[in-house]
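Breakdown of the fold
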Amino acid sequence: MTDGRPSWHAMEADAVLERLETSGTGLAEAEASRRLALYGPNRLHEAERANPGRILLHQFAGALMYVLLGAMLISLAIRHWEDAIVIAAVLVLNATIGFFQEYRAENAIAALMGLVSPRAAVLRDGAVRDVAGQDLVPGDVVRIAAGDIIPADLRVIEAWALEIDEALLTGESVPVAKSTHPTDTDALLPLAERSSVVFMGSAVAAGSGLGAVIATGSHTEIGSIACEIRSVQRARTPLQERMERFGRRISAAIVMLAALAFGVGLARGEDVTSMFLTAVAIAVSAVPEGLPVVMTIALAVSVRRMARRNAIVRRLPAVETLGSCTIVVTDKTGTLTRNRMDVHEIRTADDRFRLGPAGLTRDGVSVVPEPDAALHATLVGGALCNESDVPDDPGDATSGRGDPTELALLVAAERAGLPATALRREQPRVDVLPFDSQRRLAASLHRKGGECRLFVKGAPERVIGLCTLMRTRDGDVPVDADALARAAEDMAASGLRVLAVATRPDPAERDGPLEEQHLTDLVFLGLAGLLDPPRPEVPDAIAACAGAGIRVLVVTGDHASTAVAIARQVGLETPDTPLAGAHLASLSDEELSRALETATVLARAGPADKLRVVRLLRNAGHVVAVTGDGVNDAPALKAAHVGAAMGGATGSDVAREASEIVLADDNFATVSAAAEEGRTAFANLRKATFFLVSSGVGELLAILGSLAFRMPLPLLPAQILWLNLVTNGIEDVALAFEPAEPGTFRRPPRDPREGMLSRQLVERLVLSGLVMAAGTLAVFLTEWDGDAARLDYARVAALTTMVMFQVVHVGNCRSEERSAFSQSPFSNRFLLFGVSGSALLHVLALYLPPTQRLLGLEPLTSDTWLRIGAVSLSIVVVVELHKLVRALLRRRTTTEVRV
């Protein structure tokens, strides 16, 4: 009965019942039981539980982890216990952090389960039965009323002023009127336009109705989303890709250097066994075991900073990914906008007014509504012909209960100085004709003194058609229906939802209730244009993204005109007719990819459209960030390189669980702030990587140089371990706390193919490695001078030289382009204390008996300290000169481009 996915929305209600082999009185219990056995329970398939063992093993995947594992095993084999313990500690630390981050992440399907209605009022054997939502079957007839969660996908067969809140599924800002009438026959009709169907998980905002179950469980629209979430594989982040490439290159370089050392030793006539052990020791010492720790700490520091800016990170790599993104695909409702309706504009027959938090204005000048004038009467009519409760805070629609459009009309009256509570007290309601999706209007009758007055509000074309007069400055004159219709069309074209308000006196005594035939000879009062307004901080955030080279693409389920209006208000240039609905779905992947190169808005887009857009952008080489708050956003949030879900009042659990980052304030502006923090995180990780690798290169070149020139090794294995753990092991971590450099968010995004180190840093790495190796060997040779008795002292001098090189060199690493002298040492107090502490610790080690015995250390003379100080400062000169030359080359290149 549900096979083939028929276009239920396009079928007459009777045809639907016939196709489902049911009737308006529902199924028999026996038939319902048979269908339950056939179709299965009305619930989503639960996701496979995450396997803790598999997640733990996954933490050791990756080239750099393989290098560390290999180094640990080799250290154990050659009995270098200290190296093995340190590397094992690094592996355990990173695995523990990664395990807990990943284990708690895969809960999106479980969150979807919470949207399934637990109970439903069903007609069985002609009587209403209260049954579990999971026992519904296709063909059941379900009774729904205000406040209910829709328990399955239903075709509406009866409706009484039925309105459904579908925001989480479609992005619609306001509840959608539903009716029994079939819609367009196009099977590709967006969900938001299927006015004869209601969907599982949405909520009944007003009215009541009956619906025939057309799909249950995984066959529902929300079930399709669950399947998409389950099938989507998370994209590998740029940082993961970079670290993978970096690990492979480091592995290859270490093997080559160890082989070179082994070959040089054999050429010198050294013993094979001793040279093999030496080569292995070199390889182990060259492994940047501190890098995973630095990466974790750098990302964790940014997590803390981002939390202060209302971005909560659920997966550590997402920190850097947001800083690398080249395009942000964002929802509109609740992300760019406030997710509430406001009256933005009021037009009377001969005037035009704007309404904001400060009140009414005309041409920028504040105005006060004059009693009985068209503006005054429009506001009064909107507040009185209104079913919603007056908001607790009269100036804030979100504090009220009822239809968002009606709440907006109450707030508009309040802002204009007409409190709805007072109006309702002065003009109590006598009778009401509720809104109906077929009438497309509502009316209410109010008594004031001994007179009664009728107010009508609704769709402009319906209300204007009932009017014979219109109110102007000169009084009530014959209605100009064409002019009023053009004004309504003009407001709608600017993205406003337009309501017309009309009135007329009514007899104080009426026979019978208010009915539609009484709505004649009305006086047109005005048009109210409503809009879900943009958040005030979003335009600046969009501009900041543009300055950072990040495109913003709005993908929404809302109407094209509304989407375009909001996009323009927040600073996005967009055509009048963006890609939307069926046209969007009909494009081939190649055609849509071309369109996405310049698009800024996609409207009437469903979950499958959003997912497809994200995949095409990824295939085009973009690093994609997606923001959203609805169930319909979840597949795209998961498929993106980084998903940022709304975490406040507007966000759904489904979206949050599918994302890597949660925006606690539901604000798009937080995205740009978080992206800036992401760039800072990567910059600091790059600085630490450069520091670690350049220091390691210096150590390796010093050892290789000593082998090449037939010298004793300038550093012992234990001394190398001390150097790696106690000195640069403190300083590299301190670099993770560097503040953002000026202009970080005014540069274009990094090329995703760029490595952990830029070409400029690779050049500097070679230079600084050569300087450190040459300086260390020079001090070693000076202190040794061929005297075997001074060999141990010379090694202490060489070790101290390398320590001081790193103490000085860490200042060079604080910026890739700026001079070390342009940065305050107090801007990173952690680094200041870390550098001071590591230097002091080494000095103490020279004098303490335990470290003297363990590391072969001894105090140095003042002459040696002076030589070490002078030599270690040479690296500052070399790096500063390299920065200067690079700056001159950049300036010349920029000048040539401008010319």
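Residues numbered from 1 in each chain as written. Predicted model: local features only at pLDDT ≥ 70, side-chain atom pairs only at ≥ 80, totals over all residues. Heavy atoms only, no water.

On to the overall build of the protein. Helix and strand counts for the protein come out as 32 helices and 26 strands. In the protein, which comprises 899 residues, the proportion classed as buried is 56%. Looking at the protein alone, contacts between residues at least 24 apart form 72% of all its contacts between residues at least 6 apart. Split by element, the accessible area of the protein, about 36900 Å² in all, is 58% carbon and sulfur. (Helix = DSSP H or I, 4+ residues; strand = E, 2+ residues; numbered from the N terminus. Buried < 20%, exposed > 50% of the residue type's maximum accessible area, 1.4 Å probe, protein only. Contact = heavy atoms within 4.5 Å. Areas by Shrake-Rupley, 256 points an atom, 1.4 Å probe, with all protein chains shown as cover.)

Once that is clear, we can look at the packing of helix H9 (residues 238–267) against helix H25 (residues 669–708). Contact geometry of H9 with H25 gives a least axis separation of 10 Å together with a crossing angle of 5 degrees. By the angle between their directions, the pair H9 and H25 is classed as roughly parallel. On H25, the residues touching Leu-239, Arg-242, Phe-246, Leu-257, Leu-260, Ala-261 and Val-264 of H9 are Phe-682, Leu-685, Thr-689, Val-693, Leu-700, Leu-704, Leu-707 and Ala-708. In the contact of H9 with H25, the residues fall into 13 nonpolar, one polar and one charged. (Axes fitted to C-alpha atoms, helices over the stretch in contact; angles between N-to-C directions. Parallel < 35°, antiparallel > 145°, perpendicular 65-115°, else oblique. Nonpolar A, V, L, I, M, F, W, Y, C, P; charged D, E, K, R; others polar.)

Before going further, it helps to examine the pairing of strand S25 (residues 642–646). On a regular strand, one side chain projects to one face of the sheet and the next to the other, so that they alternate. Counting buried residues in S25 gives five out of five residues, a clear majority hidden from the surface. Side chains Val-642, Ala-644 and Met-646 project from S25 onto one buried face, and the interleaved Gly-643 and Ala-645 project onto a second face that is buried too. By the bridge criterion, four bridges tie strand S24 (residues 624–628) to S25 in an arrangement that is parallel. Counted as the bridge partner of Ala-625 is Val-642 from S25. (Pairing = 2+ DSSP bridges.)

Here the focus is the confidence of the model for the protein. Summarising the model, the protein shows a mean pLDDT of 84, and 89% of its residues fall at 70 or more. Taken as a whole, residues 105–110 scores under 50 in pLDDT and shows 17 contacts with residues more than four places along the chain or in a different chain. (pLDDT = per-residue confidence, 0-100.)

The next point concerns the nonpolar core. The nonpolar side chains of a soluble globular protein tend to be buried with one another. Among the nonpolar cores identified, the biggest contains 137 residues, and Leu-322, Ile-661 and Phe-668 are the most heavily contacted of them. Of the residues forming this core, the biggest block, 16 residues, is contributed by H25. If we ignore the near neighbours within four places in the chain, the residues touching Ile-661 are Met-306, Ala-311, Ile-312, Val-313, Ala-318, Leu-322, Val-642, Gly-643, Ala-644 and Ala-645. Counting 51 residues, the second largest nonpolar core, distinct from the first, contains Leu-210, Ile-225, Val-626 and Ala-639. (Core = buried A, V, L, I, M, F, W, Y, C linked by side-chain atoms within 4.5 Å.)

If you trace the backbone, Leu-587 turns up in the loop between helix H20 (581–586) and helix H21 (589–596). For Leu-587, the residues in contact, after removing those within four places along its chain, are Leu-579, Leu-592 and Arg-612.

So, about the side chain of Glu-406. Relative to the helices and strands, Glu-406 resides in helix H14 (residues 404–415). In terms of polar contacts, Glu-406 uses its side chain to reach the backbone amide nitrogen of Glu-387, at 2.8 Å. Leaving out residues up to four positions away in the same chain, Glu-406 has contacts with Cys-385, Asn-386, Glu-387, Ser-388 and Lys-457. (Polar contact = N/O pair within 3.5 Å; in protein donor to acceptor, adjacent residues only side chain to side chain.)

Bringing a nonpolar patch on the surface into the picture now. Together, Leu-73, Leu-76, Trp-81 and Ile-85 line one region of the surface with nonpolar side chains, adding up to about 430 Å² of accessible area. At the level of elements, helix H4 (63–77) and helix H5 (81–103) are the ones that each hand at least two residues to the nonpolar patch. Along the chain, the position of Trp-81 falls in helix H5. The exposure class of Trp-81 is partly exposed, given its relative accessible area of 45%. (Patch = residues over 30% accessible without salt bridge, like charges linked within 9 Å, V, L, I, M, F, W, Y side chains within 5 Å. Salt bridge = Lys/Arg side-chain N within 4 Å of Asp/Glu carboxyl O.)

Moving on, we get to helix H28 (residues 791–812). Along its 22 residues, H28 runs 31 Å from first to last C-alpha, staying within 8% of the 32 Å computed at 1.5 Å per residue. Where burial is concerned, most of H28 is hidden: 20 out of the 22 residues are buried. (Expected span 1.5 Å × (residues − 1).)

Moving on, we get to the packing of aromatic side chains. Going through the model one piece at a time under the given rule, you end up with two aromatic pairs. On the basis of an interplanar angle of 20 degrees and a centroid distance of 4.3 Å, the ring pair of Phe-737 and Phe-830 is categorised as stacked. With Phe-737 in the loop between helix H26 (717–735) and helix H27 (759–784) and Phe-830 in helix H29 (residues 829–847), the pair connects residues that are 93 residues apart, well separated along the chain. Ring centres 5.9 Å apart and planes at 25 degrees place the aromatic pair Phe-780 and Trp-784 in the stacked group. Taken as a pair, Phe-780 and Trp-784 lie in helix H27 at a separation of four residues, close to a single helical turn. Judged by relative accessible area, which is 0%, Phe-780 ranks as buried. Relative accessible area serves as the criterion here: at 17%, Trp-784 is assigned to the buried category. Here the basic side chain of Arg-242 rests over the ring of Phe-682, its NZ or CZ set 4.8 Å away from the ring centre. (Phe/Tyr/Trp six-rings, centres within 6.5 Å; stacked < 30°, edge-to-face > 60°. Lys NZ or Arg CZ within 6 Å of the ring centre and 35° of its normal.)

Next up on the list: unusual backbone geometry. For Asp-372, which is not a glycine, the phi torsion comes out positive at approximately 70 degrees. A positive phi angle, close to 55 degrees, is found at Arg-710, a residue other than glycine. If you trace the backbone, Arg-710 turns up in the loop between H25 and H26. Of the residues examined, Arg-710 reaches a relative accessible area of 52% and is grouped as exposed.

A word on the sheet that holds strand S26 (residues 661–663). The strand order S8-S26-S25-S24-S9-S21-S23-S22 describes an open sheet built from eight strands, whose pairing is mixed. Every other strand in the sheet has two partners, leaving strand S8 (311–313) and strand S22 (579–580) as the edge strands with one partner each. Sheet topology places S25 next to S26; three bridges connect them, and they run parallel. Bridging from a neighbouring strand, Ala-645 pairs with Val-662 of S26. Against the sheet, helix H22 (residues 607–619) touches strand S9 (327–330), strand S21 (551–555), strand S23 (601–603) and S24, its axis set at about 160 degrees to S24.

To continue, consider the pattern of salt bridges. On inspection of all chains with the given rule, the structure shows 37 salt bridges. Between Arg-473 and Asp-351 there is a salt bridge; the shortest N-O distance is 3.0 Å. Of the two residues, Arg-473 sits in the loop between strand S17 (467–472) and strand S18 (475–478) while Asp-351 sits in strand S11 (residues 351–356), which places them 122 residues apart along the sequence. Between Arg-504 and Asp-506 there is a salt bridge whose closest N-O contact spans 3.0 Å. In this pair, the class of Arg-504 matches that of Asp-506, namely buried. Through salt bridges with shared partners, a single network forms among Glu-29, Arg-124, Asp-125, Arg-129 and Asp-140.

All right, on to the environment of Gln-760 then. Looking at where Gln-760 falls in the secondary structure, it is placed in helix H27. Residues Gln-760 and Lys-883 lie 123 residues apart in sequence; the distance between their C-alpha atoms is 9.1 Å. Sequence-distant contacts of Gln-760, defined by excluding residues within four places in its chain, comprise Glu-816, Glu-817, His-882, Arg-886 and Arg-890. Side-chain polar atoms of Gln-760 contact the side chain of Glu-816, separated by 3.3 Å.

Within the element layout of this structure, His-842 appears in helix H29. The class of His-842 is buried, set by a relative accessible area of 1%. Apart from residues lying up to four places away in sequence, His-842 is in contact with Trp-722, Leu-799, Thr-800 and Val-803.

This next bit is on the packing of H25 against H27. At a minimum axis separation of 7 Å, H25 and H27 run at an interaxial angle of 40 degrees. Between H25 and H27, the interaxial angle falls into the category oblique. Regarding H25 and H27, the two cross each other, and that crossing is right-handed. The segment H25 lies against H27, with Arg-686, Phe-690, Val-693, Ser-694, Ser-695, Val-697, Gly-698, Leu-701, Ala-702, Gly-705 and Ser-706 engaging Leu-761, Arg-764, Leu-765, Ser-768, Gly-769, Leu-770, Met-772, Ala-773 and Leu-777. (Left-handed = near helix turned anticlockwise from the far one by under 90°.)

Time to look at the pairing of strand S15 (residues 441–448). Counting buried residues along S15, six of its eight residues qualify, which places the element largely inside the surrounding structure. Here strand S14 (residues 429–436) runs beside S15; their pairing, made up of five bridges, is antiparallel. Its bridge partner lying in S15, Arg-429 is registered against His-446. Hairpin connection between S14 and S15: a loop of four residues separates the two successive antiparallel strands, and Arg-440 in this loop has a positive phi of roughly 60 degrees. Relative to strand S16 (residues 451–458), S15 runs antiparallel, the two being bridged by eight bridges. Residue pairing in the sheet places Lys-448 in a bridge with Glu-451 of S16. Joining the antiparallel neighbours S15 and S16 is a turn of two residues, in which Gly-449 adopts a positive phi near 65 degrees.

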